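Coordinate inspection notes
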Amino acid sequence: MMKQTAGRIQLGDFAPEFARLNDDVLFGEVWSREDQLSLKTRSIVTVTALISKGIVDNSLTYHLSTARKNGVTRTEMAELLTHLAFYAGWPNAWAAFRMAKEVYKDGGANALSEEVL
């Protein structure tokens, strides 16, 4: 997994401890425990949590892109968002679909169906 530096870049001067926790603990320690939960599953859980909380900003776009990189196919993402619509809200699903279409737009009808970026 790539080392995360977004916290330090965006908040390092203002909130160095939060930046450290973001980069080193959340994205360093927690996301790296692939022996406990795969990156693909972590991505699905994270996308679900964000949409369920109504967080459909650039952090969702980031995690949709990460989900794609972690092997979540276009078909799987469409099914996940359809399922979530009934539990997390129709408007949240619509917003997430608009973002997911952009993330998966260059992969054809079944982006990453068998391949991982």
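Scroll up to find the structure.
Let me begin by describing the structure that accompanies this report. (Residues numbered from 1 in each chain as written. Predicted model: local features only at pLDDT ≥ 70, side-chain atom pairs only at ≥ 80, totals over all residues. Heavy atoms only, no water.)

**Digging into helix α4 (residues 58-69)**
For α4, which comprises twelve residues, the first-to-last C-alpha distance of 17 Å matches the rise-based estimate of 16 Å (1.5 Å per residue) to within 8%. All buried positions along α4 are accounted for by Leu60, His63, Leu64, Thr66, Ala67 and Arg68. Against α2 (16-30), α3 (39-52), α5 (74-88) and α6 (90-103) lie the buried residues of α4. Looking at the residues trailing α4, positive phi occurs at Gly71, about 100°. (Helix = DSSP H or I, 4+ residues; strand = E, 2+ residues; numbered from the N terminus. Expected span 1.5 Å × (residues − 1). Buried < 20%, exposed > 50% of the residue type's maximum accessible area, 1.4 Å probe, protein only. Contact = heavy atoms within 4.5 Å.)

**Overview of the pattern of salt bridges**
According to the stated counting rule, one finds six salt bridges in the structure shown. For Asp23, the salt bridge identified is with Arg8, shortest N-O distance 3.4 Å. Pair noted here: Asp23 is in helix α2 and Arg8 is in helix α1 (residues 6-11), with a separation of 15 residues, a long-range link. The class of Arg8 is partly exposed, set by a relative accessible area of 38%. Close ionic contact of Lys40 with Glu76 constitutes a salt bridge, the shortest N to O distance being 3.0 Å. (Salt bridge = Lys/Arg side-chain N within 4 Å of Asp/Glu carboxyl O.)

**Observations regarding the packing of α5 against α6**
Close contact between α5 and α6 brings their axes to 7 Å; oriented N to C, the two are set at 160°. Comparing their axes, α6 and α5 come out roughly antiparallel. In this structure, α5 crosses over α6, and the sense of that crossing is right-handed. Here α5 contributes Met77, Ala78, Leu81, Thr82, Ala85, Phe86 and Ala88 to the contact with α6, which in turn contributes Trp90, Asn92, Ala93, Ala96, Phe97 and Ala100. Of the residues in the contact of α5 with α6, the class split is eleven nonpolar, two polar and no charged. (Axes fitted to C-alpha atoms, helices over the stretch in contact; angles between N-to-C directions. Parallel < 35°, antiparallel > 145°, perpendicular 65-115°, else oblique. Left-handed = near helix turned anticlockwise from the far one by under 90°. Nonpolar A, V, L, I, M, F, W, Y, C, P; charged D, E, K, R; others polar.)

On their own, these measurements won't tell you what the molecule is for.
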